[in-house]
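Close look at the chain arrangement
Each chain, written out:
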Amino acid sequence: MAGKLYLPELDLTCAVCCEIFKDPVVLKCSHSFCASCLQQYWSRQRRNRDCPLCRTQSVDDPVPSLTLKNLCESYTHESEEPEETAEELPGEPGELCPHHGERLKLYCLSDKVPICVVCHTSRKHKQHECCPVSEAIVDVKEKMKSTLSSLQEKREAFDKMKKNYEDTVTYIQVQARFVERRTHEEFEKLHDFLHAEENARMEALKREEEQKSEEMKQKVEEIERKMASVSESIRVLEEEIALEGISVLHNSKRTLLSADCPVEDPVMPPGALIDVAKHVGSMMFYVWEKMHKIAKYTPVTLDPNTAAPWLILSDDLTSVCDSDEKQKLPDNPERFDPDTGVLGSEGFTSGRRTWDVNVGDNTAWVVGVAKESVQRKEKVSSVQKNGYLCVYFYHKMYFAGTSPLTRLNLKRNPQKIRVQLDCDKGKVSFYDAHNNTHIYTFKQAITEKVFPYFWVGCQQCPLTVEPMEVALSVIESAT
């Protein structure tokens, strides 16, 4: 008992095998080792014999240490019975080094594998940084928990996007029903003569609805497959984390590599919604082209897929006003949110276009054009440096959207604003449509597609795109 009390176990432990000395011998440098451990160490060196600790060369044979042997035997005999029993039990599967038969007490941080003390002094791991397996188990489990948390967050993101896709499928059907209703209203005015045209449009709508609904359903299925893959990785990690002891380390490298496989973040693709403007915009005009009769034509059709959730658009997509209630709409990339803006459905890069906007008594509006690349998911000022060429009416004052704003002094309050876009000359001009009085002109090269732009902050009076009078004349040949 005295040996155990006055000598700590560390002083009775061989530095090579990390066990209590067996047949200890002492070198000239005063360091002691098991006789067999020292001989094994020297046999692996294949050079002059040196001390495993201080590397001092040993010319003389090691001397047996009887005193140290007695202390070790006394310490072993006085150990508690459960501890002796535990020492005698064979190691768990995977706890012994397959090369040296020693216990795996160290973890190689370079190769990420458990090793024994003899491995640590071998050529393969000699210069590698190691730590005790108990510390390695804690570190690996922490990495696994971090990976598990990341995968769980990714699964939540997938689940959220899946719900978004499913809501989009539902909204596509709502859009399709809206297009059907508008189409029927227009075609009822044309009676039986237009029945064939109506059927043709219904078929086009049905194909687009099926195509885009199928695309969204495929997205849902893709998300489900990715979720299943992530769930499987989570399951494997949870099973690995539940293991105890050194068995956690054997498959940890492969498990973590498998779990760290990059999974692409889910995004809503552009163009997912039905192109409502194509079906509804200026419908009678395009039918009229086939009938050679006068029809209503609106030069700009508002694109509901770009409209902010607070905006209310008319069924014919020619007018817009603000509201207090935010509608539940898909957060597709084309949509303005939170800014209360909406674009026309058609963009331009060349040619000349003109349209009139009835502003009436609207108390807060912005009218003009916007580049296709404008920021739609952040609230930014609709001025020239941000990609807008517009005029404002706000706080009973008129401005041109320069940076900073240019105050406009108008002699009368226009009820209709005429927008004249000349892409080839790089000009956007604004006029009072009542008497064609010039208001302001932007001069800027059109280097990308621009769209008619409308911003409204008034609920009582909408902004309305005025229809144009279009007639078809017959030129008779001279006789």
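Residues numbered from 1 in each chain as written. Predicted model: local features only at pLDDT ≥ 70, side-chain atom pairs only at ≥ 80, totals over all residues. Heavy atoms only, no water.

**Regarding the overall build of the protein**
When helices and strands are counted, the protein shows 11 helices and 19 strands. A compact globule built from 479 residues should have a C-alpha radius of gyration of about 23 Å, whereas the protein, at 41 Å, is more than 25% larger. In terms of overall dimensions, the protein has C-alpha extents of about 135 × 55 × 50 Å along its principal axes. A total of 479 residues make up the protein; the buried ones form 44% of that total. When contacts within the protein are restricted to residue pairs at least 6 apart in sequence, those whose partners lie at least 24 apart make up 63%. When the accessible surface of the protein is totalled, it reaches about 27200 Å², and 51% of it is carbon and sulfur. Across the protein, the centroid of the 62 positively charged side chains sits 7 Å from that of the 76 negatively charged ones. (Helix = DSSP H or I, 4+ residues; strand = E, 2+ residues; numbered from the N terminus. Rg over C-alpha atoms; globule rule 2.2 N^0.38 Å. Buried < 20%, exposed > 50% of the residue type's maximum accessible area, 1.4 Å probe, protein only. Contact = heavy atoms within 4.5 Å. Areas by Shrake-Rupley, 256 points an atom, 1.4 Å probe, with all protein chains shown as cover. Lys, Arg positive; Asp, Glu negative; His and termini not counted. Charge placed at Lys NZ, Arg CZ, Asp CG, Glu CD.)

**What to know about the pairing of strand β15 (residues 416–422)**
Buried residues dominate β15, accounting for 5 of its 7 residues. One ladder, built from 7 bridges, connects strand β10 (residues 352–358) with β15; its direction is antiparallel. Bridge pairing links W355 to V419 in β15. Pairing geometry for β15 and strand β16 (residues 427–432), over 6 bridges, is antiparallel. Within β16, the residue paired with D422 across the bridge is K427. (Pairing = 2+ DSSP bridges.)

**With respect to the environment of T147**
If you trace the backbone, T147 turns up in helix α6 (residues 133–190). With 87 residues separating them in the primary sequence, T147 and I234 have C-alpha atoms 8.7 Å apart.

**What about the sheet that holds strand β5 (residues 113–115)?**
Taking strand neighbours across the sheet as the criterion, the 3 strands line up as β5-β4-β6 in an open arrangement whose pairing is antiparallel. At either end of the open sheet lies a strand with only one pairing partner, and these are β5 and β6 (130–132). Sheet twist, expressed as the mean angle between neighbouring strand axes with direction ignored, is 35°. Two elements, strand β4 (residues 106–108) and β5, share 3 bridges in a ladder whose sense is antiparallel. Its bridge partner lying in β5, Y107 is registered against P114. (Axes fitted to C-alpha atoms, helices over the stretch in contact; angles between N-to-C directions.)

**Comments concerning the pattern of salt bridges**
Considering all chains together, one arrives at 22 salt bridges under this definition. Two residues, E239 and R235, come together in a salt bridge whose shortest N-O distance is 2.5 Å. Taken as a pair, E239 and R235 lie in helix α7 (residues 195–242) at a separation of 4 residues, close to a single helical turn. Its relative accessible area of 36% is what places R235 among the partly exposed residues. Bridged by salt links that share partners, the residues R181, R182, E185, E186 and D315 form one connected network. (Salt bridge = Lys/Arg side-chain N within 4 Å of Asp/Glu carboxyl O.)

**A few points about the packing of α6 against α7**
Here α6 crosses α7 at 170°, and the two axes come no closer than 9 Å. Comparing their axes, α7 and α6 come out roughly antiparallel. A breakdown of the residues in the contact of α6 with α7 according to their chemical character gives 21 nonpolar, 9 polar and 19 charged. (Parallel < 35°, antiparallel > 145°, perpendicular 65-115°, else oblique. Nonpolar A, V, L, I, M, F, W, Y, C, P; charged D, E, K, R; others polar.)

**Details of the packing of aromatic side chains**
For the structure shown, the criterion picks out 7 aromatic pairs. Taken together through their ring pairs, the aromatic side chains of F336, Y388 and Y453 make up a single cluster. (Phe/Tyr/Trp six-rings, centres within 6.5 Å; stacked < 30°, edge-to-face > 60°.)

**A short note on the pairing of strand β13 (residues 397–400)**
Across 4 bridges, strand β12 (residues 388–394) lies against β13 in antiparallel orientation. Counterpart to Y394 in the pairing with β13 is M397. Turn length for the β12-β13 hairpin, with the two strands adjacent in sequence and antiparallel, is 2 residues, and the turn residue H395 shows positive phi of about 50°. As consecutive antiparallel partners, β13 and strand β14 (residues 406–408) are separated by 5 residues.

**Here we look at the nonpolar core**
Within soluble globular proteins, side chains that are nonpolar generally end up buried alongside one another. In this structure, W365, Y453, F454 and L463 are the most contacted members of the largest nonpolar core, which totals 99 residues. Counting residues per element, this core draws most heavily on α6, at 16 residues. Beyond its immediate chain neighbours, meaning those up to four positions away, F454 contacts V300, L302, T340, G341, V342, W355, V357, V366, L463 and V465. If you look at the next biggest cluster of nonpolar residues, it comprises 18 residues, including L12, F33, L38 and Y75. (Core = buried A, V, L, I, M, F, W, Y, C linked by side-chain atoms within 4.5 Å.)

**Here's the deal with the confidence of the model for the protein**
Per-residue pLDDT for the protein has a mean of 86; in total, 91% of the residues score no lower than 70. In the predicted structure, residues 1–6 sits below a pLDDT of 50 and forms 7 contacts with residues beyond four places in sequence or in another chain. Across residues 80–91, confidence stays below pLDDT 50; counting only partners more than four residues off in sequence or on other chains, it has 6 contacts. (pLDDT = per-residue confidence, 0-100.)

**Here we look at the sheet that holds β14**
Read across the open sheet, the 6 strands follow the order β9-β18-β11-β12-β13-β14; overall the sheet is antiparallel. Strands at the two margins of the open sheet, each flanked by one partner only, are β9 (341–343) and β14. Taking each pair of neighbouring strands and ignoring which way they run, the sheet shows an average axis angle of 25°.

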